[in-house]
Amino acid sequence: MQQVSFTLDGEYVELNQLLKLAGLCDSGGAGKMLVAKGVVKVDGKLELRKTAKIRHGQLVTLGDVAIKVQAA
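Here the structure is a predicted model, which is why all the values come from computation and not from measurement.

Procedures and definitions
- Residues numbered from 1 in each chain as written.
- Predicted model: local features only at pLDDT ≥ 70, side-chain atom pairs only at ≥ 80, totals over all residues.
- Heavy atoms only, no water.
- Phe/Tyr/Trp six-rings, centres within 6.5 Å; stacked < 30°, edge-to-face > 60°.
- Lys NZ or Arg CZ within 6 Å of the ring centre and 35° of its normal.
- Buried < 20%, exposed > 50% of the residue type's maximum accessible area, 1.4 Å probe, protein only.
- Helix = DSSP H or I, 4+ residues; strand = E, 2+ residues; numbered from the N terminus.
- Arc of directions from axis to C-beta.
- Contact = heavy atoms within 4.5 Å.
- Pairing = 2+ DSSP bridges.
- Salt bridge = Lys/Arg side-chain N within 4 Å of Asp/Glu carboxyl O.

**Quick word on the packing of aromatic side chains**
Now for step 1: Under the definition given, this model contains zero aromatic pairs.
Now for step 2: Its end group placed over the ring of Y12, K53 keeps NZ or CZ at 4.8 Å from the ring centre.

**Points about helix α2 (residues 28–36)**
Each turn of an α-helix holds 3.6 residues, which means side chains three or four residues apart point in the same direction.
Now for step 1: Among the residues making up α2, those that are buried are G28, G31, L34 and V35. Down the axis of α2, the buried set is contained in an arc of 110°. They therefore lie on one face.
Now for step 2: Residues of α2 that are buried make contact with α1 (15–21), β3 (40–42) and β6 (59–62).
Now for step 3: The first or second residue beyond α2 is G38, which carries a positive phi of 80°.

**Some points on the sheet that holds strand β7 (residues 65–70)**
Now for step 1: Strands sit in the order β1-β7-β6-β3-β4 across an open sheet of five strands; the sheet is mixed. A single partner strand is all that each edge strand has here, and the edge strands are β1 (2–7) and β4 (45–46).
Now for step 2: Taken together, the three bridges between β3 and β6 define a ladder with antiparallel strand orientation. The partner of K41 across the bridge, within β6, is T61.

**Quick notes on the pattern of salt bridges**
Now for step 1: Under the definition given, this model contains two salt bridges.
Now for step 2: A salt bridge links E11 to R55, with the nearest nitrogen and oxygen atoms 2.7 Å apart. Within this pair, whereas E11 is found in the loop between β1 and β2 (12–14), its partner R55 is found in strand β5 (residues 53–55), the two being separated by 44 residues in sequence.
Now for step 3: Overall, E11 belongs to the exposed group, its relative accessible area being 58%.
Now for step 4: The exposure class of R55 is partly exposed, given its relative accessible area of 31%.
Now for step 5: Salt-bridge contacts for R49 lead to E47; the nearest nitrogen and oxygen are separated by 2.9 Å.
Now for step 6: Exposure remark for R49: the relative accessible area of 54% places this residue in the exposed category.
Now for step 7: Classification of E47 by relative accessible area gives buried; the value is 10%.

What follows is the structure in structure tokens.
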């Protein structure tokens with residue numbers, strides 16, 4: 001599994017935006033589609049809320065890519 005680190009600018013980032021900013025999709029809309037398909041997990045649990053607030057310490061996985069979210 002490929003591990004990617006993402007540093008927060010604020011308190012949280014919306015899930016669909018995180019997928020875009022991490023380079024896993026081309027736009028926030030594409031990120032929403034991925035979440036709607038049921039292929040994104042947050043801390044090991046399926047996440048279907050497209051704009052879920054992702055905070056420091058959480059792990060988001062999509063396929064074989066894991067995004068570790070860190071505080072600035």
